[in-house]
Amino acid sequence: MLQLIANIIDLAAAFIQVGSGILRQKTRILVIQILQLLMQAISMILLGGITGAVNNLLSCFRNYLCYKEKLNGRWKAVFITASIGATLLLNKQGFLGLLPAAVCTVYILCMDVKDQLLFKILVTVTSVPWILYHFLLGSYTGAFFDTLSVLTNLYGLYKIKKTPRD
């Protein structure tokens, strides 16, 4: 029953995630991601994916600081340290449990890029490992929609590339 509830929550989050794939503006993407990450954290907790949930919750705060343009080197170090520390402390999933911290670290290091195209590439590339994480966790709706999100982000990249930049 918990798996069904988790998949329903993840389905709702997935609609938000896929819809964000067509967004171009970094600030809009960050705000939408906060809602999606909160919902997916709840789903992951229900499925036993504690490291994924913790990293998603940390990502909400990280996105908020980035949205407010207050994410600096010190905050990045705090989030990376918290992500890796919490993952090492709470991981009971082996390699799979390490995946969220690895993805979040890459995202944190690169997320303050100003170029919209590079940011969209970052979002797309860091979405790919979540397909595996969600699938192996039992969040089949999450894995399916992670895949759709990657595809919509690729479409968004195409549209950005096609549109002349200033």
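For the structure itself, consult the block above.
Below, the structure is looked at part by part. (Residues numbered from 1 in each chain as written. Predicted model: local features only at pLDDT ≥ 70, side-chain atom pairs only at ≥ 80, totals over all residues. Heavy atoms only, no water.)

**What to know about the environment of Val 78**
At step 1: Mapped onto the elements of the fold, Val 78 is located in helix α4 (residues 73-90).
At step 2: With 36 residues separating them along the chain, Val 78 and Ile 42 place their C-alpha atoms 23 Å apart. (Helix = DSSP H or I, 4+ residues; strand = E, 2+ residues; numbered from the N terminus.)

**Some thoughts on the nonpolar core**
At step 1: By size, the foremost hydrophobic cluster in this structure holds 13 residues, and its most contacted members are Leu 30, Leu 71, Tyr 107, Met 111 and Phe 119.
At step 2: Considering every element that reaches this core, the biggest residue donor is helix α6 (residues 116-137), with three residues.
At step 3: Residues contacting Leu 71, with those up to four places away along its chain left out, are Arg 62, Leu 65, Cys 66, Lys 76, Phe 79 and Met 111.
At step 4: Formed by eleven residues, the second largest nonpolar core is a distinct cluster that contains Ala 6, Ala 53, Leu 96 and Trp 130. (Core = buried A, V, L, I, M, F, W, Y, C linked by side-chain atoms within 4.5 Å. Buried < 20%, exposed > 50% of the residue type's maximum accessible area, 1.4 Å probe, protein only. Contact = heavy atoms within 4.5 Å.)

**Re the packing of aromatic side chains**
At step 1: A complete count under the given rule lists seven aromatic pairs for this structure.
At step 2: Ring geometry for Trp 130 versus Tyr 133: centroids 5.3 Å apart, planes at 80°, classification edge-to-face. Placement of the pair is Trp 130 and Tyr 133 together in helix α6, with a separation of three residues, close to one helical turn.
At step 3: Residue Trp 130 is classed as buried on the basis of its relative accessible area, which comes to 13%.
At step 4: Taken together, the aromatic side chains of Phe 15, Phe 144 and Phe 145 make up a single cluster linked through ring pairs. (Phe/Tyr/Trp six-rings, centres within 6.5 Å; stacked < 30°, edge-to-face > 60°.)

**Considering the side chain of Gln 40**
At step 1: Along the polypeptide, Gln 40 turns up in helix α2 (residues 26-47).
At step 2: Within the structure, Gln 40 has its side chain in polar contact with the side chain of Gln 36 (distance 2.7 Å).
At step 3: Not counting residues up to four positions away in its chain, the partners in contact with Gln 40 are Asp 10, Ala 13, Gln 17, Asn 56, His 134 and Asp 146. (Polar contact = N/O pair within 3.5 Å; in protein donor to acceptor, adjacent residues only side chain to side chain.)

**Describing the packing of α2 against α6**
At step 1: Two elements in contact, α2 and α6, have axes whose closest approach is 14 Å; the angle formed by their N-to-C orientations is 10°. Regarding the angle of α2 to α6, the classification is roughly parallel. Side by side, α2 and α6 meet where Lys 26, Ile 29, Leu 30, Gln 33, Gln 40, Met 44 and Leu 47 of the first sit next to Gln 116, Phe 119, Lys 120, Val 123, Trp 130, Tyr 133, His 134 and Leu 137 of the second.
At step 2: A breakdown of the residues in the contact of α2 with α6 according to their chemical character gives nine nonpolar, four polar and two charged. (Axes fitted to C-alpha atoms, helices over the stretch in contact; angles between N-to-C directions. Parallel < 35°, antiparallel > 145°, perpendicular 65-115°, else oblique. Nonpolar A, V, L, I, M, F, W, Y, C, P; charged D, E, K, R; others polar.)

**What about unusual backbone geometry?**
At step 1: Even without being glycine, Glu 69 reaches a positive phi, approximately 60°.
At step 2: Positionally, Glu 69 belongs in the loop between α3 (50-67) and α4.

**Some remarks on the packing of helix α1 (residues 2-20) against α2**
At step 1: Following both chains from N to C, one finds α1 and α2 inclined at 165°, their axes separated by 8 Å at the closest point. Between α1 and α2, the angle is such that the two are roughly antiparallel. Considering how the two elements wind past one another, α1 and α2 form a crossing that is left-handed. On the side of α1, the interface is formed by Leu 2, Gln 3, Ile 5, Ala 6, Ile 9, Asp 10, Ala 12, Ala 13, Ile 16, Gln 17 and Ser 20, while α2 contributes Ile 29, Ile 32, Leu 35, Gln 36, Met 39, Gln 40, Ile 42, Ser 43, Leu 46 and Leu 47.
At step 2: In terms of residue class, the contact of α1 with α2 is built from 14 nonpolar, six polar and one charged. (Left-handed = near helix turned anticlockwise from the far one by under 90°.)

**Topic: a nonpolar patch on the surface**
At step 1: A contiguous nonpolar surface patch, about 540 Å² in accessible area, is contributed by Met 1, Leu 2, Leu 4, Ile 5 and Ile 8.
At step 2: The topology assignment puts Ile 5 in helix α1.
At step 3: When its relative accessible area of 36% is taken as the criterion, Ile 5 is described as partly exposed. (Patch = residues over 30% accessible without salt bridge, like charges linked within 9 Å, V, L, I, M, F, W, Y side chains within 5 Å. Areas by Shrake-Rupley, 256 points an atom, 1.4 Å probe, with all protein chains shown as cover. Salt bridge = Lys/Arg side-chain N within 4 Å of Asp/Glu carboxyl O.)

**Quick word on the environment of Glu 69**
At step 1: A residue is classified by how much of its surface remains accessible, and Glu 69, at 68% relative accessible area, is exposed.
At step 2: Here the alpha-carbon distance between Glu 69 and Thr 27, two residues 42 residues apart in the chain, equals 9.6 Å.

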